[in-house]
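Listed here are the chains, written in short residue letters.
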Amino acid sequence: MTDMATTDMLGAFRGSGLLVVLLLWGLGGRAGAQSGAGMPASLGIQDAPLGQALEQMATATGISLVYDASLVADRRASCVTEDSPPDALLRCLLEGHPIDYVQTSRGTYVLRAPVRRPPQEGRLAGIVRDGEAGRPLANAHVRLPEAQAFRGTATDSTGRFRLPGLLPGPHTVVVSHLGYRRHEATIYVPPDGTARHEATLAPSPIAADSLVIDADRYGLTSARPDADRVPTAPLRAGGAAEGPDALDAAGTVLGVTASPPYADLHIQGSPTSGHTLRLDGMPVRNPASAGRLLGAFSPLALEGLTARKAGFGALHGNALSGTLDLHHALSAPGGEYGTVRADSRSLGARLQGTTTIGTTPVSAMVAGRVSMWDVYQDAGLHALIDRWSTLDPMLTAARLPPDAPIEGGSLGARTQPNAGFFDLHGAARFELGPAERLTLSAYHGRSTLGADLVLGQPVGTGQDQTGGNEDPPFSTTLFKLPTRDEYDWSNTTAQARYEAPISGRTTGSLQAGVSHYRSATRSETGEIQFTSSFAEPNAATAAARQAAQGQEGANEVTKALLKGQVDFALGPRWSLVWSGGLTHQRSRFRIGNAFAPRLQHQARSTRLATAAELTVGLGPHAQLEGGFG
C-alpha cells in the first residue's frame, strides 16, 4: 500500500509540474510544433507587430518558440522570403532589434536580450627593415585600413612599431615608405595577446622632377632685410580721403619719415630726397612731388616696398643714402581677376590672369591709373599750386627799372591751376621649370603741375628828365599779361630677369633693363593787353614780360643695365652671394631764366661693378653679414 501511494503521489506531482510549465509558456507567448528542427517556410510580413510575426513564423515552420512578452512589446518587423529555414527566418524578423536567440538540445528556440561583454583586445608589434641592407627603417608608415577604428602609426628611429587596442581576429597590415615598394600582409591578432610581424621593404627608386624650396634659408625674420618691408595690404589700404601715393606707406618703417606737405621721404642716415628708388631693380627718378599729393605708382600694381637705410649691404650699391625697392605684383589675394579703385584724386584699375603657352604656365598683370583733376580739384593741391605760382614781389621789383614802382606788392594773380598724373604697369612671369622662371615688366608714369597766370597790377613811370608831362597815374595805366607756368616729368622702365638653379646648392639670375627719365619746365607768355588808352609799351612793361618768363629747362637721364648674380649655399648657416654688372648712363640738361644765361651740358659714362656678401648665422636670433663692392 505504501509503494502504491508513493507511486500515485509522484504521478500527480509530475502532472501538476507539466501543467505549470505549459501555463508559463502560455503567459510568455510561444509557438510550438512537434518537430524540433522545423521545416522551411515562406513569409510575406510587412510592418507587423513583432510578437504576431513570431507566432506566424512558428506556426509556419512548426518549431517551438519561447520568449518573454516584454522583450517584443512595441516592436514591429518585416520579412519577405521564400523557403527559408527557421534560423534564417528568425534572423530576418529580429534584424535591427536588440534580441538574440539560442536553441536548446531539444530544438526549442528561446529569445533573450543579447549578452554584451567587453572584447578581449589584442596588440600588434613589429619591425620594418630595408630589404637589401637589412637595416631598420625609421618613419615608415604602418596602417590597418580595415580596422574598425582606422589605425596607423610610424616606426621609430629603430624601425619598430606598436598598435594596441585591436579587436581579436585577422587584420590587413599595409607598410609603406618613400623610395620603397609597399608591403601588405594579413596578421591574426589573438585576444588579450600580441601578434608580431616583421616587414621587409624592397627599394623602389622614384622618378620625379626637381624639388626646390624657395625660402629664406638663413637667419630669422627679425635679422633679415624683410624687417623693413611693407607688405601689399598697407600699400593698397585707404579710402577716398587717402592720398594716391603708395610711397606714403614707407613712413611706417622705422627710420623712414614723410613730412607733409613739402618734404620728400627722409631715410635715416641720408639727406632728404637723397635715397634711390628702384622698381623691379630699375631706377625711377623724382617719383613724386607736390607734398605727396601726386603719385607715380598705382598701389594696385605693387607687391610690396622694402626700405634699406644708409649702410645697407654691398649688393645694393656703395652710396651713403638709403634705397627703396618696389616690385610688381603678379598674384592677387582671393584669386581676383580684376580690381577698380577710386579716391578723391585718382581712378585706377588692375587686370590679371594665368594661362599656358605650350606647356609653360604664364601669369600676367596690367594696371593703370589716371588723375581726377578735371572732375574734382583737390583743395589742398589747389592751394599748393597757388602758393607756388605767386611771383616774388622783391625779385620782380629788383628786375624792373627804378622808375617803375609797383602797387599791390605783386604782379601775379592766379586764374587756374592744373595738375595731372597717370601711370601704366605691365608684368608677366613664365614658369619654365622647377625654380626656373623668366620675368618681364614695364612701366611708364608721368606727372604735370602748372598754372595759368595773369600779370596785371598797376605799373607806371615817374617824371621824365626833361621836365615834360608825366605819364598817366598808376590807377589808369594798366595792362594784362597772360602767362602759363608748367612742370612736366616722366619715367619709363623695362626689364627682363631670368632665374634658374645652377646646382643643388647654387642659384643664379641674369637681368637686363633700361630706364629713362625726362623733366621739363616751360613758361609761356602771351601778348600784352592794355586796358587803358593811356597805356603803351615801354621799358617797364617789357621788363615785366621778361620777369614773367621765369625759368625754363629740361633734364634727361637714360640708363641701361646688365647684371648677374649667383647665390652659393656653403652650409646650413653659411651663404655667399656674388653679383656683377655693367651700366651705361647718358644724361643731359638745359636750364635758364630771366636772371641768368642758358646753361647746357651732357655726359656719358660706362661703369663695371662687382660685389660680394657673406652671411653667417650665429644663433637663432643673430647673424653676421659682411661684404665688399
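Just above, that's the structure.
Conventions adopted
- Residues numbered from 1 in each chain as written.
- Predicted model: local features only at pLDDT ≥ 70, side-chain atom pairs only at ≥ 80, totals over all residues.
- Heavy atoms only, no water.
- Helix = DSSP H or I, 4+ residues; strand = E, 2+ residues; numbered from the N terminus.
- Buried < 20%, exposed > 50% of the residue type's maximum accessible area, 1.4 Å probe, protein only.
- Contact = heavy atoms within 4.5 Å.
- Pairing = 2+ DSSP bridges.
- Salt bridge = Lys/Arg side-chain N within 4 Å of Asp/Glu carboxyl O.
- Arc of directions from axis to C-beta.
- Disulfide = S-S within 2.5 Å.
- Polar contact = N/O pair within 3.5 Å; in protein donor to acceptor, adjacent residues only side chain to side chain.
- Patch = residues over 30% accessible without salt bridge, like charges linked within 9 Å, V, L, I, M, F, W, Y side chains within 5 Å.
- Areas by Shrake-Rupley, 256 points an atom, 1.4 Å probe, with all protein chains shown as cover.
- Core = buried A, V, L, I, M, F, W, Y, C linked by side-chain atoms within 4.5 Å.
- Axes fitted to C-alpha atoms, helices over the stretch in contact; angles between N-to-C directions.
- Parallel < 35°, antiparallel > 145°, perpendicular 65-115°, else oblique.
- Nonpolar A, V, L, I, M, F, W, Y, C, P; charged D, E, K, R; others polar.

Colleague: Can you explain the overall build of the chain? Please cite residues and give values.
Modeller: Scanning the chain from N- to C-terminus turns up eight helices and 32 strands. Split into buried and exposed, the 629 residues of the chain put 38% on the buried side. Partitioning the contacts of the chain with sequence separation of at least 6, the portion at a separation of at least 24 is 67%.

Colleague: I'd like a rundown of the pairing of strand β6 (residues 109-112), residues and numbers included.
Modeller: The side-chain alternation of β6 yields one buried face, formed by Tyr109 and Leu111, and one unburied face, formed by Val110 and Arg112. Sheet topology places strand β3 (residues 65-66) next to β6; two bridges connect them, and they run parallel. Pairing of Leu65 across the sheet is with Tyr109, part of β6. Where strand β5 (residues 100-103) lies against β6, four bridges are found, and the strand directions are antiparallel. Bridged to Tyr101 within β6 is Leu111.

Colleague: Provide a residue-level description of the pattern of salt bridges, including the pertinent values.
Modeller: A full pass over the atoms with the stated rule returns 12 salt bridges. Among the ionic pairs, Glu431 bridges to Arg429, the shortest N-O distance being 3.1 Å. Look at Arg429 and you get partly exposed, because its relative accessible area is 24%. Measuring nitrogen to oxygen at the nearest pair gives 3.8 Å for the salt bridge that ties Arg437 to Glu431. The class of Arg437 is partly exposed, set by a relative accessible area of 21%. Taking the relative accessible area as the measure of exposure, Glu431 reaches 25% and is therefore partly exposed.

Colleague: Just give me the short version of unusual backbone geometry, but keep the residues and values in it.
Modeller: Phi at Asp74 is positive, roughly 60°, even though this residue is not glycine. Mapped onto the elements of the fold, Asp74 is located in the loop between α3 (69-72) and β4 (76-84).

Colleague: Could you give me a rundown of helix α4 (residues 86-94), with the residues and numbers involved?
Modeller: Each full turn of the α-helix corresponds to 3.6 residues, which orients residues three or four apart in the same direction. All of the buried residues in α4 are Pro86, Leu89, Leu90, Leu93 and Leu94. One face of α4 carries all of its buried residues, which in axial projection span an arc of 120°. Elements that come into contact with the buried residues of α4 comprise β2 (41-49), α2 (50-61), β3, β4, β5 and β6. At the C-terminal side of α4, Gly96 shows a positive phi close to 90°.

Colleague: Can you explain the pairing of strand β8 (residues 141-144)? Please cite residues and give values.
Modeller: Because side chains alternate across β8, one face comprises the buried residues Val142 and Leu144, and the other comprises His141 and Arg143, none of which is buried. By the bridge criterion, three bridges tie β8 to strand β11 (residues 169-176) in an arrangement that is antiparallel. Bridging across to β11, Arg143 finds its partner in Val174.

Colleague: Summarise the state of the cysteines; cite the residues concerned and give the values.
Modeller: Counted by the stated rule, this structure contains one disulfide. The disulfide partner of Cys79 is Cys92, and the gap between their sulfur atoms is 2.2 Å. Taking the torsion about the S-S bond as the criterion, the Cys79 to Cys92 disulfide, at about 120°, is right-handed. Highlighted residues: Cys79 in strand β4 and Cys92 in helix α4, separated in sequence by 13 residues.

Colleague: Talk me through the environment of Thr492; I want residue IDs and the actual numbers.
Modeller: Along the chain, Thr492 falls in strand β26 (residues 479-503). For the pair Thr492 and Tyr443, spaced 49 residues apart in sequence, the C-alpha to C-alpha distance is 5.6 Å. With near-sequence residues (within four places) excluded, Thr492 lies in contact with Tyr443, His444, Val514, Ser515 and His516. A polar side-chain atom of Thr492 sits 2.6 Å from a polar atom in the side chain of His444.

Colleague: Go over a nonpolar patch on the surface with me, naming the residues and quoting the values.
Modeller: Together, Leu432, Tyr498, Leu510, Leu562, Leu582 and Leu608 line one region of the surface with nonpolar side chains, adding up to about 570 Å² of accessible area. Its place among the elements puts Leu562 in strand β29 (residues 551-571).

Colleague: Hey, could you go over the nonpolar core for me, with residue numbers and the actual values?
Modeller: Nonpolar side chains in soluble globular proteins tend to be buried together. In this structure, Leu54, Met57, Leu65, Leu90, Leu93 and Leu111 are the most contacted members of the largest nonpolar core, which totals 24 residues. For this core, the element with the most residues is α2, which contributes five residues. Leave out the neighbours within four places in its chain, and Leu111 touches Leu54, Leu65, Val66, Tyr67, Leu71, Leu90, Leu94, Ile99, Asp100 and Tyr101. Judged by nonpolar contacts, the second largest core, of 19 residues, contains Leu144, Phe161, Val173 and Ala185.

Colleague: Just give me the short version of the packing of α2 against α4, but keep the residues and values in it.
Modeller: α4 packs onto α2 with a crossing angle of 170° between their chain directions and a minimal axis gap of 11 Å. Taken together, the axis directions place α2 and α4 in an arrangement best described as roughly antiparallel. On the side of α2, the interface is formed by Leu50, Ala53, Leu54, Met57 and Thr61, while α4 contributes Pro86, Leu89, Leu90, Leu93 and Leu94. Here the residues of the contact of α2 with α4 sort into nine nonpolar, one polar and no charged.

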